[in-house]
Amino acid sequence: MATTTAASPQLGSQGPPGSSPVRSRRVRGARRSRLPYILLLPALVLELGVHVIPMVVGVWMSLLELTQFHIRDWSTAPFVGLENYRSTLDVDTVTGRELLHSFWVTVAYTTASVGLSWLLGASAAVFLQRPFRGRAFLRTLFLTPYALPVYAAVITWSFMYQRDTGLINHVLVDQLGVVDHRPFWLIGGNSFVAVLVVSVWRSWPFAFLCLMAGLQNVPEDLYEAAYLDGAGFWRRLQYVTLPGLRPVNQVLLLVLFLWTFNDFNTPYLLFGGSAPHQADLISIHIYESSFITWDFGVGSAMSVALLLFLLVVTAGYLVLFRRRRIDA
Amino acid sequence: MPKRLCTTVAAALLLVAGLAACGDDSDSAAQPKTLTYWASNQGSSLDADKQILQPELDKFERQTGIKVTVEVVPWSDLLNRLLAAATSGQGPDVVNIGNTWSASLQATGAFIPFDDATLATVGGKDRFVPAALASAGAAGQPPTAVPIYSLAYALYYNKQMFTAAGITSPPTTWEDLVAAGKKLTNGGKWGLAIEGANISENAHHAFTFSQQYGGEWFDPAGKPTFDTPQNVSAIKRYIDLMAVDKIANPSNAEYAQNQSVSDFANGKVGMLLWQAAGASLKAQSMAADAYGVAPVPFLQSPPAGGKRVNSMVAGINMAVFKHTKNRDAALQFVKFITSDEEQVILNKTYGSLPSVKTVSGDAAFQAPEQQALQQVLGSTAAPLPQVAQESQFETLVGTAMKELFADAASGKPITEAMVKQKLSDAQQQVRG
C-alpha cells in the first residue's frame, strides 16, 4: 500500500501523460499494476482477520496455561511452552490414551464415510449420465440432503434412531423382523454405524454433484471410440470415465476428507453433546475435553496437533497426486 | 497524478473506516442510563421470555429512568457468549448465569464481587435464602452473583398408577422407591424414569447420592476425589436402579432430550426425579392433580458420614460485569429483580422459587409442588461443589455414568470394579 502510493507522484512528475508513447505505456502499466493490489486489499485484510490471525492466536494459546483464571487478561496466563502438548499427546496418561482412541475412531470414520460417499456419488452420477425420463427429478431428489439445514436433518435422524419410538427400529424389528430385540443406535457399539450413516447421507450428494459436473467434461467421442473398439460398460468406465474424472476426484476426495475429519455438527447434534466412547470423534472430543472444561490452552494444543496432522496428510496427498500426474 | 493519489488514499480510508465501524458496538454502554441485560432462557421460548421480562423492564424504567435492553440468550450459547464478553471486556452490563458456573466464572474475575457492602446496596445478605446464596461462588470469598430463581429436585409420582399398584404413600427411602418401582413395572410400564444420556442430570444425581453416602467430589483443597469408596457406592446405587432393580426402562440409557418427562406425562412411567417439572408436565397436558410431589428419598440406613441431602441447589444467578460503565445503575437493576414484588411475579411465571426469604409465604408458592420444593430447598438441599473445576466434574462423571447406563442397558453386569475404574479414569482427566 505505502509503496504504491509513494511511487505514484514520482512517476507522475516525470512528464505530462502521453508525451512519449514508451513512457506513457510504462506509466499506465504502473498505474494498472497498482489497481489489482488495491482490489485485493479487502480480501487480504479479511483473510488475515478471519484466517491467519485467529490461527496464530490459536497457536499462541496452545503455549499458555489458559484457564478461566486467566482468560480475562491473557498476559497473566503462565507460558508453559509445549507442556499442553506433552500432557495431551502422552499416551501413558488417560487423557492421551483417550485422544489417541478418538483419533483412530475418527480415521476409521473418515475413511469409511469418504469411501462410501464417493462410491454412492460416482454410481449415481454414472447412472444419470445419459438422458432419460425423470432424470431431472432424480437429480433434484439426490441433492436434497445437501440442501437441508444440517441442524434439522441431524435432529430428525436422532429421533429416527431412538430405540423405542424411532423409525429405524420400527422398520427393522416390527415391520421386517430382521432382528428380534430392539438395538440401541445412539449408545454402544452401533453408535459408530449410526453416525457414519448420517455422515454419508449428508456428504454423498456433494460427491454426486461434483462427479456429475466432471462427467460433462469427458469428451463424447472418447466413448464412441471405445464403443467402436468393442469396449463394454465396465471397460469404458475403467478406461474413459474414471481417468476423465481424475482432476475432479483429486479435489473432491481431499475436500471430503477434510470436511469429514473435522465434522463437528453431526456427532454433536446426533449424540446431544457427548459422544459415546465407540463414536468419540475428534472434533467433539476436543470440544468436550477442553473447551467446556474451561481449559483453552489444552484445547488449542489438541486443535493445533490436529491441524498439523491434516496439513501433513494434505501435503502428502498433493505431492503424491502431482508425482502421479507427472509420471502419467 | 495527485488525483490518483487522492483516489487511492480515499479508498484506503473508506476501507479502514468500514473496518473500524465493524468493531465498534460498545457505544451503547457509553451512554449513561442504559443497561444491556442478557437473560437466560427460562420460559417456553426465547420470545416468551422477552414478553415476560419486557413489562418488568418498562416498570424499572418508569421507576428509575434507566432503560434496560434485554437479549434472551439460549442455553447452548450463553456460556460461550459470557466467556467472549469476559475475554474482550465488552458486552452486557448485567447477565444471568447458571448457578453451577458460579465458581468458574468467579475465577475469571470478570464480575463485580458482592461483598457485604455491595450486598447491602441490593438489600443485604440476610434477604437471601442461605442455600441459594451459597451457590453463588466459592466458600470464603464474596460471591460474584446473587440468586434470582431457585429450583430443587423432587420426586414426582403418578397418583393413579400408585393407586392401581396399591402403593399408599410416596417412598421416603430408596429401598421403598425400589419396592414401589417393582410394583409399577409391568406390561410395558416402568417404575422410574432416568435421563441416562444427559450428562448434567447424571452429575446432579451423582452429587446427591454421594452426599447421602458421605462422599465428596472435591476435597477442601479443591483436588478431585472421584473414586473414593463412598462415590463408587453412590454411583453404583443409582445405576443399579436400571441394572439390578430393573425398575427403569433400558431405553432410558439413551435419553438426553427430556424424554423421561414425556414418558412420565404420558403415563408410561410412575416416578420421575426432576427439578420443577410442573411447567413441562402442564405443557404436555398432564393435569396438576394427576401427580404428587414428594422429597427425593434418602437411604434407609445411611453409612457413617452420610448427609441428609436430597437435592442440589439448582437455579439462576444474576451477575454484573466489572467492565460496566454503569455500575450503580446495574446494581439498582439487581436490587429491582431481587425485590419482593419482582421475585413473586417472575418466579410465579417461571414455576421456580424465590431466592429471597421474605416472599416464601406468598400465595403464589403454596401449590403442593412449590411447597415440596421449598421444603427441600430450605432444609435438605446443598450447593454443588463451588470449585472452578465443577464443570469438569459434571462433564467427566456425567459421561462416565452415561457409559455405565449404556452397559447396564445392554445387559452387562455393573460391578464395583467397573464403576471405580470409570471414576478413576475420569479423575485423572481433571486439570487445573
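Residues numbered from 1 in each chain as written. Chains lettered and ligands numbered in written order. Predicted model: local features only at pLDDT ≥ 70, side-chain atom pairs only at ≥ 80, totals over all residues.

Caption draft 1: Layout of the nonpolar core. Counting 176 residues, the largest nonpolar core has A152, A154, Y156, I235 and L272 of chain B as the members making the most contacts within it. For this core, the element with the most residues is helix α8 (residues 190-216) of chain A, which contributes twelve residues. Setting aside chain neighbours within four positions, we find L272 of chain B in contact with Y156, A193, S260, V261, F264 and A277 of chain B. (Core = buried A, V, L, I, M, F, W, Y, C linked by C-beta atoms within 7 Å. Buried ≥ 20, exposed ≤ 12 C-beta atoms within 10 Å, placed from the backbone. Helix = DSSP H or I, 4+ residues; strand = E, 2+ residues; numbered from the N terminus. Contact = placed C-beta atoms within 7 Å.)

Caption draft 2: Structural view of the sheet that holds strand β5 (residues 153-158) of chain B. Residues and elements named next belong to chain B. Strand order across the open sheet formed by four strands is β6-β7-β5-β8, with mixed pairing between neighbours. Looking at which strands have only one partner, the edges of the open sheet turn out to be β6 (190-193) and β8 (291-294). Between one strand axis and the next, the sheet turns by 20 degrees as a mean value, whatever way the strands run. In terms of strand pairing, β5 meets β8 through four bridges, oriented antiparallel. What sits directly across from L155, in β8, is A294. Sheet contacts for helix α9 (residues 174-184): β6 and β7 (269-275); angle to β6, the most-contacted strand, approximately 125 degrees. (Pairing = 2+ DSSP bridges. Axes fitted to C-alpha atoms, helices over the stretch in contact; angles between N-to-C directions.)

Caption draft 3: Looking closely at the environment of K282 of chain B. All names here are of chain B. Within the secondary structure, K282 is located in helix α13 (residues 278-283). The exposure class assigned to K282 is partly exposed, which follows from the 13 C-beta atoms found within 10 Å. Through-space distance from the C-alpha of K282 to that of F321 is 36 Å; in sequence the pair is 39 residues apart.

Caption draft 4: Seen up close, the sheet that holds strand β10 (residues 314-320) of chain B. Residues and elements named next belong to chain B. The sheet built from six strands is open, its strands ordered β2-β1-β3-β10-β4-β11 with mixed pairing. Since the sheet does not close on itself, it has two edges, and those belong to β2 (67-73) and β11 (353-354), each with one partner. With two bridges connecting them, strand β1 (residues 34-40) and strand β3 (residues 94-98) associate as parallel partners. Across the sheet, the residue bridging to Y37 is V94, located in β3. Along the sheet, helix α3 (residues 46-64) makes contact with β1 and β2, crossing β2 at roughly 165 degrees.

Caption draft 5: Looking closely at α9 of chain B. Taken as a whole, α9 of chain B has its buried residues at W174, L177, V178, A180, G181 and L184 of chain B. Projected down its long axis, α9 of chain B shows its buried positions confined to an angular sector of 165 degrees, all on one face. (Arc of directions from axis to C-beta.)

Caption draft 6: Representation of the domain arrangement of chain B in the model. In terms of domains, chain B is made up of domain 1 (31-151 + 313-382) and domain 2 (153-311 + 386-428). The C-alpha centroid of domain 2 of chain B is placed 28 Å from the C-alpha centroid of domain 1 of chain B. (Domains from an automatic or database assignment.)

Caption draft 7: Spotlight on unusual backbone geometry. Residue and element names in this part refer to chain B. For K246, which is not glycine, the phi dihedral falls at a positive 55 degrees. Along the chain, K246 falls in the loop between α11 (229-243) and α12 (259-265). Given 17 C-beta atoms within a 10 Å radius, K246 is considered partly exposed. We note that S285 has phi near 55 degrees; this positive angle belongs to a residue other than glycine. With respect to the secondary-structure elements, S285 resides in the loop between α13 and β8.

Caption draft 8: Here's a closer look at the pairing of β7 of chain B. All names here are of chain B. Most of β7 is tucked away: six of the seven residues are buried. As paired strands, β5 and β7 are joined by five bridges and run antiparallel to one another. Residue A154 lies in a different strand from β7, and its bridge partner there is W274.

Caption draft 9: A look at the packing of helix α10 (residues 199-212) of chain B against helix α17 (residues 390-409) of chain B. Residues and elements named next belong to chain B. Two elements in contact, α10 and α17, have axes whose closest approach is 8 Å; the angle formed by their N-to-C orientations is 95 degrees. Here α17 runs roughly perpendicular to α10, going by the angle between their axes. Note on element contacts: α17 touches α10 through F393, E394, T395, V397, G398, T399, M401 and K402, opposite I199, S200, N202, A203 and A206. For the contact of α10 with α17, the per-class residue count stands at six nonpolar, five polar and two charged. (Parallel < 35°, antiparallel > 145°, perpendicular 65-115°, else oblique. Nonpolar A, V, L, I, M, F, W, Y, C, P; charged D, E, K, R; others polar.)

Caption draft 10: Region of the structure containing the packing of α11 of chain B against helix α18 (residues 416-428) of chain B. Residues and elements named next belong to chain B. Where α11 meets α18, the closest approach of the two axes is 9 Å, and the angle between their N-to-C directions is 115 degrees. Accordingly, the angle class assigned to the pair α11 and α18 is roughly perpendicular. The interaxial crossing formed by α11 with α18 has right-handed handedness. For the pair formed by α11 and α18, the contact residues are N231, V232, I235 and K236 on the first element and E416, V419, K420 and L423 on the second. Taken together, the residues that form the contact of α11 with α18 break down as four nonpolar, one polar and three charged. (Left-handed = near helix turned anticlockwise from the far one by under 90°.)

Caption draft 11: Molecular detail of helix α4 (residues 75-88) of chain B. Residue and element names in this part refer to chain B. Helix length check: α4, at 14 residues, gives a terminal C-alpha distance of 20 Å against a target of 20 Å (1.5 Å per residue), a fit within 8%. What α4 keeps buried is the set L78, L82, L83 and A86. The buried side chains of α4 occupy one side of the element, clustering within an arc of 120 degrees when seen end-on. With respect to the buried face of α4, the exposed residues turned more than 90 degrees away are S76, D77, N80 and S88. Turning to α4, the residues buried within the fold contact β1, β2, β3 and α5 (102-108). Backbone geometry just after α4 places G89 at a positive phi near 70 degrees. (Expected span 1.5 Å × (residues − 1).)

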